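If you want the building blocks of each chain, they are given just below.
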Amino acid sequence: MTFSNPLYDALFAPHIDQCTPFLHLPDGNSLSHKDFLELSAQFAHYFCEIGLVAGDRVAAQVTKSPEALALYAACVQAGLVFLPLNTAYTSDELSYFIADSGAKLLITDHESQHDCRCETLESLIQASNDYPISFETVARSEDDLAALLYTSGTTGRAKGVMLSQKNLLSNAQALVKYWQFTEQDVLIHALPIFHTHGLFVACNVMLLAGGSMIFMPKFDIDTLINIGIPEATCMMGVPTFYTRLLADSRFSKELCQHIRLFISGSAPLLSQTHTEFEQRTGHRILERYGMTETSMNTSNPYDGERRAGTVGFPLPDIEIRVADPETHASLPNGEIGSIEVRGDNVFQGYWQMPEKTAEEFCADGFFITGDLGLIDERGYLHIVGRNKDLIISGGYNIYPKEIETVLDDQPNVAESAVIGIPHPDLGEAAIAVLVAQPNETIDLEAITATLNKSLARYKHPRTLLTVASLPRNSMGKVQKNLLRQEYQDMFIEL
Ligand code: MLC
Ligand code: AMP
């Protein structure tokens, strides 16, 4: 069979005439597949009408809603590259993404001004109202880009991750099969839809399987307990979802009686959470491992043993190796090395950054994830650390370098170190340790005001501390491990 637009044809087109529910909304209403696709077809007309052509980037920083998700469908259908942005990003952060991506259109909740055409979602909905409810899908090949997702890094500027139709489709196909999703499934969707997890893992899988989603604006424990869990068959979440559920005495085995699968990812799930969850509900959480650049790489098995503290096996047709970080030769089982991945899931490179792209791929095509792991005697992958300075807080990535660059620029700051320390709710939380210039004091309030302007809230250090000096090794490198040790109990109730 030849496809004119493989992603649209597989995920969306089969549902065009289906009046079955696609999104169940918290107010009790639901939106059918057909209604959803008619709305997205109208958006696609609008995009064409304003002159967008295949390959143009469309950026969206909008509150989660069915209409926000329809923007994604419309981009795929019109051959455009969807660029979703965290709603927490500041205007400064947004300007960078717009300039770097060369987006032609930015869609936001409120009126804004940036270096491209800017529309509110509301105005777009109104303007699209009179357009036809069907749209002739724009042809795309499997290697054409479907999405551009920005990810920061340990050095330099945020990078646009180029994801092709094939990257997204192959992963959705693998996951539907591996996790046994069908049109009977009802997924609790409480994740944001501007990241790989909520947008591609959750929505692409459910679209391909033909099931429906309980589409919540955000994670809310009461909605989850009163509506989500009793009505659903499965949930995807970050570990914080699971620890919050366990902390709630209303969460019980009875409540989960229709659930067949709980999936966790984006951050390490503590073995303790896995065990407590099984004791409370009888369900073993299925943990999987992925990243923006690769979508999902490995997963614990659906039928076999789900081992706590591991991320399971490579998904079908995806190769994983644990390699020597210098030579990239595979290491024997049990040895810790660099986790590297190859397959149709792996992205096409960083947008307009060929050197950065080259640095992160091996000559034989394996992508270097920056995660460290080992494969145990039974073939399960364990993630044991990161070869990159990264904090994962409630499933959001915080790159210390980005925060340190802002802090180091502030008056009277000689240097700074941002570290992640254990946090009972978020897994890890960021704190900043600052050193003042000689004989100066740092104005912490002024720093907070600057952070508010330049960085999304979730990236802000939870605490700013001043110290006389930072610990360094003989090479002069800041020993963040010592700082982490010193402050490790700050958020833990002893
Ligand atoms: C919110 N805040 C956070 C935060 N989330 N701070 C640090 N880390 C976080 N994750 C801050 C807000 O800025 C705000 O600060 C305050 O906490 C309350 O905000 P909120 O929106 O009410 O928070 P809450 O609803 O409790 O959100 C927590 C959460 C949410 C865990 C439900 O962060 C979440 O949905 N996380 C999922 C992230 C995700 O989808 N990751 C996948 C990435 S893809 P203030 O100061 O204003 O009060 C990926 C690949 C893969 O990693 O493998 O999946
Ligand atoms: P992102 O850049 O937001 O896509 O985040 C990807 C990173 O999240 C990976 O490189 C891992 O470090 C981390 N990650 C994702 N899933 C897991 C998991 N199950 N366990 C531990 N870390 C994870």
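Counting of residues starts from 1 at the beginning of each chain's written sequence and follows it residue by residue. Ligands are numbered from 1 and chains lettered from A, in the order in which they are written. With pLDDT at 70 or above as the cut-off, local features in this predicted model cover only qualifying residues; side-chain atom pairs require 80 or more to be listed or tallied, and sums for whole chains, interfaces and linings still use all residues. As a convention, hydrogens and water are excluded, and side-chain values are obtained from all of the structure's heavy atoms.

Some words on the overall build of the chain
Step number 1: Numbering of helices and strands runs from the N terminus; a helix is a DSSP stretch of H or I covering at least four residues, while a strand is a stretch of E covering at least two. Secondary structure summary: the chain contains 14 helices and 24 strands in total.
Step number 2: Rg of the C-alpha trace for the chain: 23 Å, near the compact-globule value of 23 Å for 494 residues, within the 12% margin.
Step number 3: Dimensions of the chain, computed from the C-alpha atoms along their principal axes, are close to 70 × 50 × 50 Å.
Step number 4: When accessible area is computed with a 1.4 Å probe and restricted to protein chains, residues below 20% of their type maximum are described as buried, those above 50% as exposed, and intermediate ones as partly exposed. Residue burial in the chain is summarised as follows: out of 494 residues, 56% are buried.
Step number 5: Areas reported as accessible are Shrake-Rupley estimates using a 1.4 Å probe. Residue values count occlusion only from the protein chains shown. Carbon and sulfur atoms make up 49% of the accessible area of the chain, which amounts to about 20900 Å² in all.
Step number 6: Distance between charge centroids for the chain: 3 Å, based on 35 positive and 62 negative side chains. Only C-alpha atoms enter the radius of gyration, while the globule expectation follows 2.2 Å times N to the 0.38, with N the number of residues. Only four residue types enter the charge count: Lys and Arg as positive, Asp and Glu as negative, with His and the chain ends excluded. By convention, charge coordinates are those of NZ in Lys, CZ in Arg, CG in Asp, or CD in Glu.

Digging into the sheet that holds strand S1 (residues 21-24)
Within a sheet, each strand pairs with its neighbour through backbone hydrogen bonds, oriented either parallel or antiparallel.
Step number 1: Strand pairing is assigned whenever DSSP identifies at least 2 bridges connecting the two strands. Strands sit in the order S2-S1-S10-S9-S11-S12-S13-S14-S15 across an open sheet of 9 strands; the sheet is mixed. Edge positions in the open sheet fall to strand S2 (30-32) and strand S15 (313-314), since each of these has one partner strand only.
Step number 2: In terms of strand pairing, strand S11 (residues 234-237) meets strand S12 (residues 261-264) through 4 bridges, oriented parallel. Across the sheet, the residue bridging to cysteine 234 is leucine 261, located in S12.
Step number 3: Contacts: residue pairs with any heavy atoms within 4.5 Å of one another. Whenever a helix is involved, its axis is fitted only over the stretch in contact; in every case the axis is a line through C-alpha atoms, and angles between N-to-C directions fall within 0 to 180 degrees. Helix-sheet contacts for helix H8 (residues 221-231) involve strand S9 (186-189), strand S10 (212-215) and S11, and the interaxial angle to S9 is about 150 degrees.

Considering the packing of aromatic side chains
Step number 1: Only the six-membered ring of Trp is used, alongside the rings of Phe and Tyr, when aromatic pairs are assigned; centres must lie within 6.5 Å, and planes under 30 degrees apart are stacked while those over 60 apart are edge-to-face, with the rest tilted. All chains considered together, the criterion is met by 23 aromatic pairs.
Step number 2: Residues phenylalanine 194 and tyrosine 396 carry aromatic rings whose centres are separated by 6.3 Å and whose planes lie at 25 degrees to one another, so their mutual orientation is stacked. Remark: tyrosine 396 occurs in strand S21 (residues 396-398) and phenylalanine 194 occurs in the loop between S9 and helix H7 (196-209); sequence separation between them is 202 residues.
Step number 3: Overall, the relative accessible area of 9% leaves phenylalanine 194 in the buried class.
Step number 4: Pairing phenylalanine 219 with phenylalanine 241 gives two aromatic rings, centres 4.4 Å apart and planes at 35 degrees, and the pair type is tilted. Of this pair, phenylalanine 219 sits in the loop between S10 and H8 while phenylalanine 241 sits in helix H9 (residues 239-246), placing them 22 residues apart in sequence.
Step number 5: Accessibility expressed as a relative area gives 13% for phenylalanine 219, which makes it buried.
Step number 6: In this structure an aromatic cluster arises from ring pairing among Tyr8, Phe12, Tyr72, Phe82 and Phe200.
Step number 7: It is arginine 321 that lies over the ring of phenylalanine 366; its NZ or CZ is 3.8 Å from the centre. Charge-over-ring contacts are defined here by two conditions on Lys NZ or Arg CZ: a distance within 6 Å of the ring centre and an angle within 35 degrees of the ring normal.

A few points about helix H14 (residues 480-487)
Step number 1: When H14 is considered as a whole, its buried residues turn out to be Lys480, Leu483 and Tyr487. The buried residues of H14 occupy one face: seen down the axis, they fall within an arc of 55 degrees.
Step number 2: On its buried face, H14 is in contact with helix H12 (400-408), strand S22 (413-423), strand S23 (427-436) and strand S24 (464-467). In this description, one arc is meant: the one made by directions from the helix axis to the C-beta atoms.

Re the side chain of serine 299
Step number 1: Relative to the helices and strands, serine 299 resides in strand S14 (residues 295-299).
Step number 2: Not counting residues within four places of it along the chain, the set of residues in contact with serine 299 comprises Tyr178, Trp179, Leu286, Glu287, Arg288, Val311, Gly312, Phe313 and Leu315.

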